[in-house]
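Structural overview
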Amino acid sequence: MTGIDSIQKELYSLGSPEKAAFLSRFFKTGKGQYGEGDLFLGITMPEIRSVVAKYAYLSILEWQALLSSPYHEIRMASLIGLMKHFQKSKKDPAAQKQIFDFYLSHLDYINNWDLVDVTCRDIVGAYLLKQDRNILYDLAQRPHLWAQRVAMVSTWYFIKHNQFSDTLRIAELLLTHSHDLIHKAVGWMLREVGKRDELVLEEFLDTHTKQMPRTALRYAIERFPESKRKYYLSL
């Protein structure tokens, strides 16, 4: 039995029909919803992480092969495995580029907000920290929900290094987006900027509050004192 077979067998064994039914509702898999048609085994994130750690010996190619699974949790395991490989490959730029390129060329499989949020920062964001970042602007302008969320959330890695300009520019590009999941991502990243430099966030809000969707604004100002939250909500 191959490593791929073994990890899939172990993940299948952890499944719970009751949890799978709940997760299917939670991640909006019904007709016309953003996760339409996705399948769940019913496995928790701590369980997935534990299994991934057990199979850390799998190669990059083996983790990549798992991403084509119809099951959400197996795709999550694949992405976490790739993320761990990326983090271990600091002295192997070719391996990091391989993972980065694979990630961005397989966004149709990275097709829900949790899959994006758990992994894009430490693959896409980490890779681009010292690279040209034009690809993020391309992603932000694609008619592809998950590409757009990757573009926004990946900037968290730059924020961590006190680099805010890409976050602010991509937030501007996505400010009038129609989908709630992008509103939340924009507001979340703006809030992260505010944790590092509240003045930078306030300057952005002073310019853009009237154009911001309410959800994005509420996320962005979540850490402000009540009086300041009321002020921005009143604009």
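Cut-off values and rules
- Residues numbered from 1 in each chain as written.
- Predicted model: local features only at pLDDT ≥ 70, side-chain atom pairs only at ≥ 80, totals over all residues.
- Heavy atoms only, no water.
- Core = buried A, V, L, I, M, F, W, Y, C linked by side-chain atoms within 4.5 Å.
- Buried < 20%, exposed > 50% of the residue type's maximum accessible area, 1.4 Å probe, protein only.
- Helix = DSSP H or I, 4+ residues; strand = E, 2+ residues; numbered from the N terminus.
- Domains from an automatic or database assignment.
- Salt bridge = Lys/Arg side-chain N within 4 Å of Asp/Glu carboxyl O.
- Contact = heavy atoms within 4.5 Å.
- Buried area = accessible area lost by both parts, 1.4 Å probe.
- Polar contact = N/O pair within 3.5 Å; in protein donor to acceptor, adjacent residues only side chain to side chain.
- Nonpolar A, V, L, I, M, F, W, Y, C, P; charged D, E, K, R; others polar.
- Lys, Arg positive; Asp, Glu negative; His and termini not counted.
- Axes fitted to C-alpha atoms, helices over the stretch in contact; angles between N-to-C directions.
- Parallel < 35°, antiparallel > 145°, perpendicular 65-115°, else oblique.
- Left-handed = near helix turned anticlockwise from the far one by under 90°.

Per an unreviewed UniProt entry, the protein goes by 3-methyladenine DNA glycosylase AlkD and derives from Runella defluvii.

1. A look at the nonpolar core
Counting 79 residues, the largest nonpolar core has Tyr 103, Val 150, Val 186, Leu 190, Leu 205 and Met 212 as its most contacted members. The greatest single-element share of this core, amounting to 9 residues, is contributed by helix H7 (residues 113–128). Inspection of this core shows a minimum of three residues originating in each of domain 1 (1–111) and domain 2 (132–234).

2. Remarks on the pattern of salt bridges
Scanning the entire structure with this criterion turns up 12 salt bridges. Ionic pairing is found between Asp 180 and Lys 184, a salt bridge with its closest N-O pair at 3.1 Å. Here the residue Asp 180 and the residue Lys 184 both occupy positions in helix H12 (residues 180–196), the gap between them amounting to 4 residues, near one helical turn. Exposure remark for Asp 180: the relative accessible area of 31% places this residue in the partly exposed category. Across the pair Lys 228 and Glu 198 runs a salt bridge whose closest N-O atoms are separated by 3.0 Å. Here Lys 228, found in helix H15 (residues 226–234), pairs with Glu 198, found in helix H13 (residues 198–208); they are 30 residues apart in sequence, far enough to count as distant. Residue class for Lys 228 comes out partly exposed when judged on its relative accessible area of 22%.

3. Regarding the domain arrangement of the protein
Per the domain assignment, the segments of the protein are domain 1 (1–111) and domain 2 (132–234). The straight-line distance from the C-alpha centre of domain 1 to that of domain 2 is 27 Å. Between domain 1 and domain 2, the residue contacts involve 8 residues of the former and 10 residues of the latter. Interface area, domain 1 with domain 2, both sides summed: about 660 Å², of which 78% is carbon and sulfur. Per-residue buried area on domain 1 facing domain 2 is highest for Tyr 34, Leu 104 and Leu 107; these three make up 66% of the total on that side. Linking domain 1 with domain 2 are 0 salt bridges, by the criterion used here. Connecting domain 1 to domain 2 are 1 residue pair in polar contact (both at pLDDT 80 or more). Of the residues contributing to the side of domain 1 that touches domain 2, the split by class is 6 nonpolar, 1 polar and 1 charged.

4. Topic: the side chain of Ser 69
In this fold, Ser 69 is placed in the loop between helix H4 (60–66) and helix H5 (72–88). Once residues within four sequence positions are removed from consideration, Ser 69 is found in contact with Ile 74 and Arg 75.

5. A short note on the side chain of Asp 114
One can find Asp 114 in helix H7. No salt bridge is formed by the buried Asp 114, whose closest oppositely charged neighbour, Arg 75, lies at an N-O distance of 7.5 Å. Setting aside chain neighbours within four positions, we find Asp 114 in contact with Phe 27, His 72 and Met 76.

6. Structural notes on the packing of helix H3 (residues 45–54) against H5
Relative orientation of the contacting elements H3 and H5 amounts to 50 degrees, with a least axis distance of 10 Å. By the angle between their directions, the pair H3 and H5 is classed as oblique. In the packing of H3 onto H5, the handedness of the crossing is right-handed. Contacts between H3 and H5 pair Met 45, Ile 48, Arg 49 and Val 52 from the former with Glu 73, Met 76, Ala 77, Ile 80 and Gly 81 from the latter. Tallied by class, residues from the contact of H3 with H5 come to 6 nonpolar, 1 polar and 2 charged.

7. Regarding the environment of Phe 100
Mapped onto the elements, Phe 100 comes out in helix H6 (residues 93–105). What makes Phe 100 buried here is its relative accessible area of 7%. Phe 100 sits 22 residues away from Asp 122 along the chain, and the two C-alpha atoms are 10.0 Å apart. Among all residues touching Phe 100, those that are not within four sequence positions of it are Ile 123, Val 124, Tyr 127, Leu 128 and Ile 135.

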